[in-house]
Amino acid sequence: MTESLPSDVADVLAAVLNADNPVHVALRRQVPHLSVRVRCTCGCGTAYFELDTSEVQPAPTDPGTVVAAEAQLVTEAGECPGEVLVFTQGGYLSWLEVCSWSDDIEVTLASARSWLQPRS
């Protein structure tokens, strides 16, 4: 989606924000103005964003913190080891979180790229 983001972050945002609903459309417009401020130190890949809000309009979401998009992760074996969540604050992209539900399967943003099952 944008060259300024790490490829794992850009790929997952592109996959999760793929719906044509007004919220996803508005959030995709924010991505070119997005950068990663900091990443989780555990290695999961969770990314916290910095966004120049003067360059984009907010998405039509609630004014607080909202899960604007989510996708289950499903392995080739059909296991569901976790999910990814896209959070907004005040309609602006805020962070991308990787959640693990398994102690047996390592869940990272990099592995999420091949396991994404967006929810409709």
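The coordinates are above.
Here the structure is a predicted model, which means the values were calculated and not measured.

To continue, consider the overall build of the chain. Counting its secondary structure elements, the chain contains three helices and six strands. For a compact globule of 120 residues, the expected C-alpha radius of gyration is about 14 Å, and the chain comes in at 14 Å, within 12% of that figure. Expressed along its principal axes, the backbone C-alpha trace of the chain runs to roughly 45 × 30 × 25 Å. In the chain, buried positions account for 46% of the 120 residues. Intrachain contacts of the chain at a sequence separation of at least 6 include 56% that bridge at least 24 residues. Just so you have it, the chain exposes about 6200 Å², and 46% of that area is on carbon and sulfur atoms. Averaged over its 6 positive side-chain charges, the chain has a centre that lies 6 Å from the centre of its 16 negative ones.

Turning to the pairing of strand β4 (residues 82–89), a few remarks are in order. Moving residue by residue along a regular strand, the side chains alternate between the two faces of the sheet. Summarising burial for β4: seven of the eight residues are buried, a large majority. The pairing of strand β3 (residues 65–73) with β4 spans eight bridges and is classified as antiparallel. Residue pairing across strands places Glu-70 opposite Leu-85, the latter belonging to β4. Where β4 meets strand β5 (residues 92–100), eight bridges bridge the pair, whose relative direction is antiparallel. Looking across to β5, one finds that Thr-88 is bridged to Leu-93. Connecting β4 to the next strand, β5, in antiparallel fashion are two residues, including Gly-90 with a positive phi near 65 degrees.

Here the focus is helix α2 (residues 22–30). The complete set of buried residues in α2 reads Val-23, His-24, Ala-26, Leu-27 and Gln-30. Buried residues of α2, viewed axially, fall in a sector of 165 degrees; they line one side. Exposed residues lying more than 90 degrees from the buried face of α2 are Pro-22 and Arg-29. Each element contacted by the buried residues of α2 is listed here: α1 (7–16), β1 (34–39), β2 (47–51), β3, β4 and β5. N-cap assignment for α2: the residue whose side-chain oxygen lies 3.1 Å from the backbone N of Val-23 is Asn-21.

We now examine the side chain of His-24. Mapped onto the secondary structure, His-24 falls in helix α2. Once residues lying within four places of it in the same chain are set aside, the contact partners of His-24 are Val-16, Leu-17, Asn-18, Ala-19, Ala-68 and Ala-69.

About the criteria used
Residues numbered from 1 in each chain as written. Predicted model: local features only at pLDDT ≥ 70, side-chain atom pairs only at ≥ 80, totals over all residues. Heavy atoms only, no water. Helix = DSSP H or I, 4+ residues; strand = E, 2+ residues; numbered from the N terminus. Rg over C-alpha atoms; globule rule 2.2 N^0.38 Å. Buried < 20%, exposed > 50% of the residue type's maximum accessible area, 1.4 Å probe, protein only. Contact = heavy atoms within 4.5 Å. Areas by Shrake-Rupley, 256 points an atom, 1.4 Å probe, with all protein chains shown as cover. Lys, Arg positive; Asp, Glu negative; His and termini not counted. Charge placed at Lys NZ, Arg CZ, Asp CG, Glu CD. Pairing = 2+ DSSP bridges. Arc of directions from axis to C-beta. Polar contact = N/O pair within 3.5 Å; in protein donor to acceptor, adjacent residues only side chain to side chain.

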